[in-house]
2 protein chains.
Amino acid sequence: MNFDLTILGSGSALPTSRRYSTAHALKVYERFFLIDCGEGTQLQLRKAKIKLSRINHIFISHAHGDHVFGLFGLLSTMNLLGRTAVLNIHGGPDVQKILNFYFDQFSEGMQYKVVVNIINNRSFNLLHSDKNLEVYSFPLKHRVPAWGFLFNEKEKDANIVKEVITKYKLSIKNIVSIKRGNDFITDTGERIPNAQLTVPAMPPRSFAFCSDTAYYERIIKWVEGVDLLYHEATFANADRKIAKQTDHSTAQQAASIAKKAGVKKLLIGHFSNRYSDLDLLLREAREVFPETYLAEDLETHTI
Amino acid sequence: MNFDLTILGSGSALPTSRRYSTAHALKVYERFFLIDCGEGTQLQLRKAKIKLSRINHIFISHAHGDHVFGLFGLLSTMNLLGRTAVLNIHGGPDVQKILNFYFDQFSEGMQYKVVVNIINNRSFNLLHSDKNLEVYSFPLKHRVPAWGFLFNEKEKDANIVKEVITKYKLSIKNIVSIKRGNDFITDTGERIPNAQLTVPAMPPRSFAFCSDTAYYERIIKWVEGVDLLYHEATFANADRKIAKQTDHSTAQQAASIAKKAGVKKLLIGHFSNRYSDLDLLLREAREVFPETYLAEDLETHTI
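Quick caveat, the model's predicted, so the values are computed rather than measured. Numbering of residues starts from 1 in every chain and runs along the sequence as written. Working convention: letters from A go to chains and numbers from 1 go to ligands, in the order in which they are written. For a predicted model such as this one, the threshold for reporting local features is a pLDDT of at least 70, and the threshold for listing and counting side-chain atom pairs is 80 or more; totals across whole chains, interfaces and linings nevertheless cover every residue.

Some details on the overall build of chain A
Step number 1: Elements are defined by DSSP. Helices are runs of H or I of four residues or more, strands are runs of E of two residues or more, and each kind is numbered from the N terminus. Counting its regular elements, chain A contains 11 helices and 18 strands.
Step number 2: Its C-alpha atoms put chain A at 75 × 55 × 35 Å along the principal axes.
Step number 3: Note on contacts: each residue gets a C-beta atom placed from the backbone, and two residues are in contact if those atoms are within 7 Å. In chain A, the proportion of contacts linking residues at least 24 apart, taken out of those at least 6 apart, comes to 63%.

A look at the relation of the copies chain A and chain B
Step number 1: A residue counts toward the fit only if its pLDDT is at least 70 in both copies, and the copies are then superposed by least squares on the C-alpha atoms of those residues. The two copies are related by a screw motion: chain A maps onto chain B through a turn of 180° and a shift of 0.1 Å along the axis, at an RMSD of 0.1 Å. The transformation relating the two chain copies, once decomposed into turn and shift, fits a two-fold axis. The rotation axis passes nearest to the C-alpha of glycine 40 of chain A in chain A, at a distance of 2.8 Å.
Step number 2: Taken together, the interface assignments show that 100% of the residues at the interface of chain A recur at the interface of chain B, consistent with an identical surface on both copies.

Examining the sheet that holds strand S8 (residues 133-139) of chain A
The pairing of strands in a sheet happens through backbone hydrogen bonds and is either parallel or antiparallel.
Residues and elements named next belong to chain A.
Step number 1: In this description, strands pair whenever DSSP reports at least two bridges between them. Strands sit in the order S7-S8-S9-S14-S15-S16-S17 across an open sheet of seven strands; the sheet is mixed. Of all strands in the sheet, those with a lone pairing partner are strand S7 (125-129) and strand S17 (292-294), marking the two edges. The mean angle between the axes of side-by-side strands here comes to 20°, regardless of whether they run parallel or antiparallel.
Step number 2: Contacting strand S15 (228-232), strand S16 (265-269) and S17, helix H10 (residues 251-261) crosses the sheet at an angle of about 150° to S15.
Step number 3: With respect to the sheet, helix H11 (residues 279-288) is in contact with S16 and S17, its orientation differing from that of S17 by roughly 165°. Here, axes are lines fitted to C-alpha atoms. For helices the fit covers the stretch in contact, and angles between N-to-C directions go from 0 to 180 degrees.

Points about the sheet that holds strand S1 (residues 3-9) of chain B
Residues and elements named next belong to chain B.
Step number 1: An order of S6-S5-S4-S3-S2-S1-S18 is seen for the seven strands of this open sheet, with the pairing classed as mixed. Both outer strands of the open sheet, strand S6 (114-118) and strand S18 (300-302), are each paired with one neighbouring strand and no more. Across the sheet, the axes of successive neighbouring strands diverge by a mean angle of 20°, strand direction being ignored.
Step number 2: Sheet analysis places strand S4 (residues 55-59) next to strand S5 (residues 87-91), joined by three bridges and oriented parallel. Across the sheet, the residue bridging to histidine 57 is asparagine 88, located in S5.

Describing the pairing of S4 of chain B
All names here are of chain B.
Step number 1: To sort residues by burial, count the other C-beta atoms lying within 10 Å of each one's C-beta; a count of 20 or more means buried, 12 or fewer means exposed, and anything in between means partly exposed. C-beta atoms are built from the backbone. When you tally the buried positions in S4, you get four out of five residues, the bulk of the element.
Step number 2: The sheet contact formed by strand S3 (residues 31-35) and S4 spans four bridges and is parallel. Bridging from a neighbouring strand, phenylalanine 32 pairs with isoleucine 55 of S4.
Step number 3: Read as a crossover between parallel neighbours, the route from S3 over helix H1 (residues 41-47) to S4 is right-handed. By definition, the crossover connecting two strands over a helix is right-handed if that path, from the first strand to the second, turns clockwise as seen with the strands pointing away from the viewer.

Considering the packing of helix H4 (residues 93-106) of chain A against helix H4 (residues 93-106) of chain B
Step number 1: Two elements in contact, H4 of chain A and H4 of chain B, have axes whose closest approach is 11 Å; the angle formed by their N-to-C orientations is 180°. Relative to H4 of chain B, the element H4 of chain A lies roughly antiparallel. When H4 of chain A is examined against H4 of chain B, the residues Lys97, Ile98, Phe101 and Gln105 of chain A are found in contact with a partner set consisting of Lys97, Ile98, Phe101 and Gln105 of chain B.
Step number 2: Split by residue class, the contact of H4 of chain A with H4 of chain B holds four nonpolar, two polar and two charged. The scheme is simple: roughly parallel for angles under 35 degrees, roughly antiparallel for over 145, roughly perpendicular for 65 to 115, oblique for anything else. Residues are grouped as follows: Ala, Val, Leu, Ile, Met, Phe, Trp, Tyr, Cys and Pro are nonpolar; Asp, Glu, Lys and Arg are charged; every other residue, Gly included, is polar.

Remarks on the interface of chain A and chain B
Step number 1: Taken residue by residue, the interface counts 23 residues in chain A and 23 residues in chain B.
Step number 2: Mapped by element, the contributors of at least two residues to the side of chain A that touches chain B are helix H1 (41-47), helix H3 (71-80) and H4 of chain A.
Step number 3: The residue makeup of the side of chain A that touches chain B, split by class, is 10 nonpolar, nine polar and four charged.

Describing H10 of chain A
All names here are of chain A.
Step number 1: For H10, the tally of buried residues reaches eight of 11 residues, placing the bulk of the element in the interior.
Step number 2: Buried residues of H10: Ala251, Gln252, Gln253, Ala254, Ala255, Ile257, Ala258 and Ala261, and no others.
Step number 3: The secondary structure elements touched by the buried residues of H10 are helix H8 (220-223), S15, S16, H11 and S17.
Step number 4: Phi turns positive one or two residues past the end of H10, at glycine 262, with a value near 60°.

Section: the nonpolar core
Step number 1: For our purposes the nonpolar core covers buried Ala, Val, Leu, Ile, Met, Phe, Trp, Tyr and Cys residues that link as a set through C-beta atoms within 7 Å. Counting 148 residues, the largest nonpolar core has Leu229 and Leu266 of chain A together with Phe149, Leu229 and Leu266 of chain B as the members making the most contacts within it.
Step number 2: With sequence-adjacent residues up to four places away left out, leucine 229 of chain A is seen in contact with Ala208, Cys210, Val223, Ala258, Ala261, Val263 and Leu266 of chain A.

Here we look at the domain arrangement of chain A
Step number 1: Segmentation into domains, and thus their bounds, comes from an automatic or database assignment. When its domains are assigned, chain A resolves into domain 1 (3-156 + 202-300) and domain 2 (159-199).
Step number 2: Just the C-alpha atoms count here: the centres of domain 1 of chain A and domain 2 of chain A sit 43 Å apart.

Here we look at H4 of chain A
Step number 1: For H4 of chain A, built from 14 residues, the straight-helix expectation of 20 Å at 1.5 Å per residue is met to within 8% by its first-to-last C-alpha distance of 20 Å.
Step number 2: The set of residues buried in H4 of chain A consists of Val95, Ile98, Leu99 and Phe106 of chain A. Buried residues of H4 of chain A, seen end-on, are gathered within an arc of 95° and therefore sit on one face of the element. The exposed set on the far side of H4 of chain A, more than 90 degrees from its buried face, consists of Pro93, Asn100 and Asp104 of chain A.
Step number 3: Against helix H2 (65-68), H3, strand S5 (87-91) and strand S6 (114-118) of chain A together with helix H2 (65-68) and H4 of chain B lie the buried residues of H4 of chain A. An expected span of 1.5 Å times one less than the residue number is assigned to each helix. What the arc measures is the spread of directions leading from the helix axis to the C-beta atoms.

Below you can see the structure in the form of structure tokens.
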């Protein structure tokens, strides 16, 4: 089952032809969860061959232009493509203002409903739950209210060993019970331990998104142990004063969060366009956390 | 002296990876005049190597998303690049609403001034004049108020023949007078006719932009004889009913306007994405007006 992250935009406020503004698409099974929506996101989704009809949830980290300017075109295109399914957009109060502007000016003939889920909570907060996934928001530290997101796959029932189904002539009721962890009692009263009947399900996977944010240790407990952490790394060490002034992070600070949170892998992005060579940022991060990688537009990371 | 049109977006409401939404850049001498600003215009300007600092005027035909959604990112990027020069934006009353939203939500720290020139006039109307150029608006026929634009190069003074300057020992005052069309009287009282002293300047060049619009014969007189006419051609002949319903044009209707207006060359664009093969539209237009060409993103047409 898919649990893949596709980077649609790894740039920061000044998009380039190689790095669009922030947008990520997380594929969970056959659905895509869009995180942020910088200008040109719909074009990047097209290049990544991601169907807009597979997106039912958009999570907006904060209301700076490079994270939201693609919403207008995306919402319009969804309508032109005949969407009727509800679209859920999660974000802070400013996102409501942005959407109100869109609805006022551009929603003539709109055939689908947008449900806006306003995040006001400045702690760890469940935003969405379905049979496969839970999504939480948590506060970041930025010049405007900003949120990170944690995507936790739900634990799956154990998988039953195929051979035992025929061996013990298991009914569907038996199978459901065994998958839930119960032992099986045969007609002759023999107790077969659950461990002999099943193999454990894949451990649940997790992804956390933290952008835009200053170095903020409060994040650590919320992203602890995730399989993949995306953390912004706008600046190199030499520019850490600018990072602090603008409430952004250095690559090394991102790595420090990753290390302290014990995550498996760190992806850095939201690079300032002042760096022609990002190897510097990568090296600085890897000094602290070796399992660091640079985000690149249209690359997919299997989690 | 340059008078070149670069197509930044030749698509219609549904942008594709090959055709962005509408935006054109007209280079007049060393300045660029931007016409419409669909999503991703700043990215296309970057690909076309057009510096944002060379743009002082933006003309918006109408307030549909595929003609304006790139304004937000463009205005933000201009600020991030340190712009201080005034930016002039010309468009209908809805453009003011769109810009007000931008100023309210996204203009924190903005270092340059935007002057909005609201077009209310539903006839032929001078929008801008400088030493090289006059720009006029005129009404189109669309579902919302929409305007076309005419860019007329100003007539230049005749060029003086170099040899006569030394032959007659002309002063700067003499030269200015001759360039304005006067004859020259020598010290001995001989009258030298202007035609012997000068060669005519290049004839002034002109470009007209008409999108989005239904077939609208009122346009003809305003675009009469232009060197290059861009006219939208959203649909093929077979879909002319849809064209009428949606206040768009067919390629053949665009060609008919071009023919009746006696323009030199017609460029068609704003193609519906339903046509995989645009040769059909080109053929249909050329039946009426042979000097028709298809607009392609990032191509430049010297006028």
